[in-house]
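Each chain, letter by letter, is given below.
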Amino acid sequence: GSRAQIWPAQCIPQSRGRLLGQMAKPEELKKFLDENNENFNGTCALQILDQDGYVKKTKGSSIEAPVHISMQNGIVTLTAEFPADPLFYLAVGNDEGHYLFGQWWIGPGGWASTSQICSMIPEEVQRIHAALQKDGSGGSFGTEAIVPFVQRPESQRVKVRFATTEQRFVTKVMSASVEIPEASWKEFKQYRSKLWQQMKAWGGKDENEKKKKDEDKDKAK
């Protein structure tokens, strides 16, 4: 196997000095944590995947929308609403081997490893279709999502609730809401703040975010 890299002793104090010299100030950290969620903004993206995890390229297979936050009874709810658009929508069909998948992230721009909030566990669309056919479903169904930044995320799965409508024999998703316990939400924000402080200290950026900015610059030329 490869050997672990050993840093020369004389390099360690200098590195620590640079790191501590650029740590976030208390007021900056407070602003970043945004305890009352006053500056929250985010995005929800939904996709239909095939059995190999590839996104379908046909109409009705992907959509995204801004996310709005609310809090009640110790639950943080992130809700995205989708208009009844004839072209840009997400359809829940009855196709074998297809899955519904979703991602939620915080802040502007696209998804990045440091901005992710949660990812939905892919759900077979046939199972969703069957659930919607039952009396009393009201055109709604539920799934679960994982919040990667909390400890033991598998044991802290969060609920995702969808509302649908039927137009011309097509079942379209109208809204998606993630319900995150307040304690998990605070844990998510604390972990993300550590990532932010580390990037700030070393003057680094998330590679996905940097790549997105570079692509935007190229398009603008």
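Preceding this paragraph is the structure being described.
Here we summarise the structure given alongside this text. Nothing here was measured: the structure is a model prediction, and the numbers come from that model.

Turning our attention to the overall build of the protein. Within the protein, the regular secondary structure consists of five helices and nine strands. Secondary structure elements of the protein, listed N to C terminal, follow the sequence α-α-β-β-β-β-β-β-α-β-β-β-α-α. For the protein, contacts bridging at least 24 residues in sequence account for 64% of all contacts bridging at least 6. When the accessible surface of the protein is split by element, carbon and sulfur atoms take 50% of a total near 14,300 Å².

Structurally, Thr79 is set in strand 3 (residues 75–81). Beyond its immediate sequence surroundings of up to four residues, Thr79 is in contact with Pro66, Val67, His68, Ala176 and Ser177.

Moving on: the nonpolar core. Grouped together as the largest cluster of nonpolar side chains are 36 residues, with contacts concentrated most on Leu46, Leu78, Phe82, Leu100, Trp104, Ile117 and Phe162. Residue contributions to this core peak at four residues, all from strand 9 (residues 170–181). Once residues lying within four places of it in the same chain are set aside, the contact partners of Phe82 are Cys44, Leu46, Ile63, Glu64, Ala65, Val173, Met174, Ser175 and Ala176.

This brings us to helix 4 (residues 182–202). In a regular helix each residue adds 1.5 Å, so 21 residues correspond to 30 Å; helix 4 covers 31 Å between its end C-alpha atoms and thus fits that length. Every buried residue belonging to helix 4 is among Ser184, Trp185, Phe188, Lys189, Arg192, Ser193, Gln197 and Ala201, and all of these are buried.

Below, the discussion takes up the layout of surface pockets. Roughly 270 Å³ of volume is contained in the second largest pocket. Together, 15 residues line the second largest pocket, and Leu33, Asp34, Glu35, Asn36 and Lys189 are the ones closest to its centre. The set of elements that each furnish at least two residues to the lining of the second largest pocket consists of helix 2 (26–33) and helix 4. Per-class residue counts for the lining of the second largest pocket are three nonpolar, four polar and eight charged.

This paragraph deals with the pattern of salt bridges. Enumeration over the complete set of coordinates arrives at five salt bridges. With a closest N to O distance of 3.6 Å, Glu123 and Arg127 form a salt bridge. With a relative accessible area of 19%, Glu123 lands in the buried category. Residue classification places Arg127 among the exposed positions, given a relative accessible area of 56%. In this structure, Arg157 engages Glu154 in a salt bridge whose closest nitrogen and oxygen atoms are separated by 2.7 Å. According to the relative accessible area criterion, Arg157 is partly exposed, its value standing at 35%.

The next subject is helix 3 (residues 125–133). Buried within helix 3 we find Val125, Ile128 and Leu132. Mapping the buried residues of helix 3 onto a view down its axis gives an arc of 60°, with all of them on the same face.

Right, let's talk about the packing of aromatic side chains for a bit. For the structure on display, the rule yields five aromatic pairs. Relative to Phe188, the ring of Phe149 lies with its centre 5.9 Å away and its plane at 15°, an arrangement referred to as stacked. With a gap of 39 residues between them, Phe149 in the loop between strand 7 (140–146) and strand 8 (158–167) and Phe188 in helix 4 connect regions that are remote in the sequence. As far as burial versus exposure is concerned, Phe149 and Phe188 are alike and both buried. An aromatic cluster of at least three residues, connected via ring pairs, comprises Phe40, Phe149, Trp185, Phe188 and Tyr191. Positioned above the aromatic ring of Tyr89 is the side chain of Lys172, whose terminal nitrogen or guanidinium carbon lies 4.3 Å from the ring centre.

Take the side chain of Gln103 next. Along the chain, Gln103 turns up in strand 4 (residues 99–106). Looking at Gln103, the relative accessible area reads 19%, which means it is buried.

All right, on to unusual backbone geometry then. Non-glycine residue Asn37 carries a positive phi angle of around 60°. Within the element layout of this structure, Asn37 appears in the loop between helix 2 and strand 1 (42–49). Of note in the backbone geometry, Phe169 takes a positive phi value of approximately 65° without being a glycine. With respect to the element layout, Phe169 can be found in the loop between strand 8 and strand 9. By relative accessible area, which is 80% here, Phe169 ends up exposed.

Quick notes on the rules
- Residues numbered from 1 in each chain as written.
- Predicted model: local features only at pLDDT ≥ 70, side-chain atom pairs only at ≥ 80, totals over all residues.
- Heavy atoms only, no water.
- Helix = DSSP H or I, 4+ residues; strand = E, 2+ residues; numbered from the N terminus.
- Contact = heavy atoms within 4.5 Å.
- Areas by Shrake-Rupley, 256 points an atom, 1.4 Å probe, with all protein chains shown as cover.
- Core = buried A, V, L, I, M, F, W, Y, C linked by side-chain atoms within 4.5 Å.
- Buried < 20%, exposed > 50% of the residue type's maximum accessible area, 1.4 Å probe, protein only.
- Expected span 1.5 Å × (residues − 1).
- 1 Å grid on protein atoms, 1.4 Å probe; cavity = no way out; pocket = protein on both sides within 12 Å on 5 of 7 lines; lining within 4 Å.
- Points joined across faces, edges and corners; volume = space filled by probe spheres on them.
- Nonpolar A, V, L, I, M, F, W, Y, C, P; charged D, E, K, R; others polar.
- Salt bridge = Lys/Arg side-chain N within 4 Å of Asp/Glu carboxyl O.
- Arc of directions from axis to C-beta.
- Phe/Tyr/Trp six-rings, centres within 6.5 Å; stacked < 30°, edge-to-face > 60°.
- Lys NZ or Arg CZ within 6 Å of the ring centre and 35° of its normal.

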